[in-house]
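Structural overview
Next come the chains, spelled out residue by residue.
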Amino acid sequence: MTELIFATNNENKVREIRQALPEGFSIISLKEAGILKDIPEPHPTLEANATEKSTVIYRLTGKNCFSEDSGLETEALDGAPGVRSARFADNEPEYASNTEKLLALLQDKENRRARFKTVISLIINNEEQLFEGICEGTIATAPLGNGGFGYDPVFIPDGSDRTFGQMSLEEKQEFSHRKKAVKKLVVYLTHLSVGS
Ligand code: ITT
């Protein structure tokens, strides 16, 4: 069994990544590990913030761990909200007001192309590896569905006519940026344990 601490305070991410992992892998969330820590995300890129989160927890626990930083990038807004996705409208993360702000800014824009991006930072035996997953799509004109979290009700992945908010977790996984990054993580960890 490969056991890793997942350095996140976002329960939705924990649920999605747990569901995406095959047998033989188990993750312990920060809450389950008894770590009550809000890890800062001060950097201008998803990569640097992911590294910050995994490094803080690796130093604290000495255990193999990973984190992920993710965001939604829109073409019409030059990549915004991007790295600021969690705190787009306010300083406190608030899903509904973030989505409202995004829809308001895109109201008169023809180009509604967007992409979700996840960067996973894995620290194993004191070495870091990064894995990326991207999901291309468009932003709906109004929220639809109440599944998922964050911007899910306004994001329609390419290949579907429904928002992530209208999908079950299993359906979202067919397209998900997070699932794509997790797949790369699993391939890496599988090779590592075969080789060791
Ligand atoms: P941790 O840093 O504790 O992992 P967080 O919620 O602060 O959790 P991020 O800094 O990575 O996570 O912010 C990502 C934000 O991007 C998140 O709050 C959502 O608003 C949005 N987001 C990321 N992935 C998403 C997804 O699959 N569906 C909808 N929104 C998503």
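Values in this document were obtained by computation on a predicted structure and should not be read as measured data.

1. Observations regarding helix H2 (residues 46–61)
Between its terminal C-alpha atoms H2 stretches 23 Å, which fits the 22 Å expected from 16 residues at 1.5 Å a residue. Within H2, the full set of buried residues consists of Leu46, Asn49, Ala50, Lys53, Ser54, Thr55, Ile57 and Tyr58. On its buried side, H2 packs onto strand S1 (2–6), helix H1 (11–20), strand S3 (65–74), strand S4 (113–124) and strand S5 (127–139).

2. Brief notes about the side chain of Lys53
Considering the arrangement of structural elements, one finds Lys53 in helix H2. A distance of 3.5 Å separates a polar atom in the side chain of Lys53 from a polar atom in the side chain of Glu41. Within the structure, Lys53 has its side chain in polar contact with the backbone oxygen of Glu68 (distance 3.0 Å). Aside from chain neighbours lying at most four places away, what touches Lys53 is Ala7, Lys13, Ile39, Glu41, Ser67, Glu68 and Asp69.

3. Some remarks on the nonpolar core
Within the largest apolar cluster, 18 residues are counted, with the highest numbers of intra-cluster contacts made by Ile17, Leu21, Phe66, Ile120, Leu122, Val182 and Leu189. Here the element with the most residues in this core is helix H5 (residues 177–195); it accounts for 5 residues. By size, the runner-up hydrophobic cluster in this structure holds 16 residues, among which are Leu77, Leu106, Ala114 and Val154.

4. Looking at the sheet that holds S3
Picture the strands of a sheet paired through backbone hydrogen bonds; they go either parallel or antiparallel. Sheet architecture is open: 6 strands sit in the order S2-S1-S3-S4-S5-S6, paired in mixed fashion. Each of the sheet's edge strands pairs with one partner strand only, and the pair in question is strand S2 (25–29) and strand S6 (155–157). The average angle at which neighbouring strand axes cross in this sheet is 40°, direction not considered. Sheet topology places S1 next to S2; 5 bridges connect them, and they run parallel. The partner of Phe6 across the bridge, within S2, is Ser29.

5. What to know about the pairing of S5
In terms of strand pairing, S4 meets S5 through 12 bridges, oriented antiparallel. Bridged to Arg113 within S5 is Thr138. Taken together, S4 and the strand that follows it, S5, pair antiparallel across an intervening segment of 2 residues, in which Asn125 is found at a positive phi of about 50°. Of the strand pairs in this sheet, S5 and S6 are connected by 3 bridges, and their pairing is antiparallel. Pairing of Thr138 across the sheet is with Ile156, part of S6.

6. Thoughts on the site of the ligand
Of all residues adjacent to the ligand, which total 20 residues, the nearest are Thr8, Glu41, Lys53, Asp152 and Lys172. With respect to the ligand, the side chain of Lys13 contributes an N or O atom lying 2.8 Å from an oxygen atom. His177 places a side-chain nitrogen or oxygen 3.0 Å from an oxygen atom of the ligand. Elements with a minimum of two residues in the shell around the ligand: S3 and H5. The dominant element in the shell around the ligand, judged by the number of residues it contributes, is S3, at 3 residues. Classifying every residue of the shell around the ligand gives 5 nonpolar, 7 polar and 8 charged.

7. Considerations on unusual backbone geometry
Glycine aside, negative phi is the norm for most residues, and most peptide bonds take the trans geometry. Backbone torsion omega between Ala80 and Pro81 reads 0°, so that peptide bond is classified as cis. One can find Pro81 in the loop between S3 and helix H3 (95–106). Despite not being glycine, Asp78 has its phi angle at roughly 55°, a positive value. Its location among the elements puts Asp78 in the loop between S3 and H3. Of note, the phi angle at Asn125 is positive, near 50°, even though the residue is not glycine. Along the chain, Asn125 turns up in the loop between S4 and S5.

Thresholds, definitions, all that
- Residues numbered from 1 in each chain as written.
- Predicted model: local features only at pLDDT ≥ 70, side-chain atom pairs only at ≥ 80, totals over all residues.
- Heavy atoms only, no water.
- Helix = DSSP H or I, 4+ residues; strand = E, 2+ residues; numbered from the N terminus.
- Expected span 1.5 Å × (residues − 1).
- Buried < 20%, exposed > 50% of the residue type's maximum accessible area, 1.4 Å probe, protein only.
- Contact = heavy atoms within 4.5 Å.
- Polar contact = N/O pair within 3.5 Å; in protein donor to acceptor, adjacent residues only side chain to side chain.
- Core = buried A, V, L, I, M, F, W, Y, C linked by side-chain atoms within 4.5 Å.
- Pairing = 2+ DSSP bridges.
- Axes fitted to C-alpha atoms, helices over the stretch in contact; angles between N-to-C directions.
- Near = heavy atom within 4 Å.
- Nonpolar A, V, L, I, M, F, W, Y, C, P; charged D, E, K, R; others polar.

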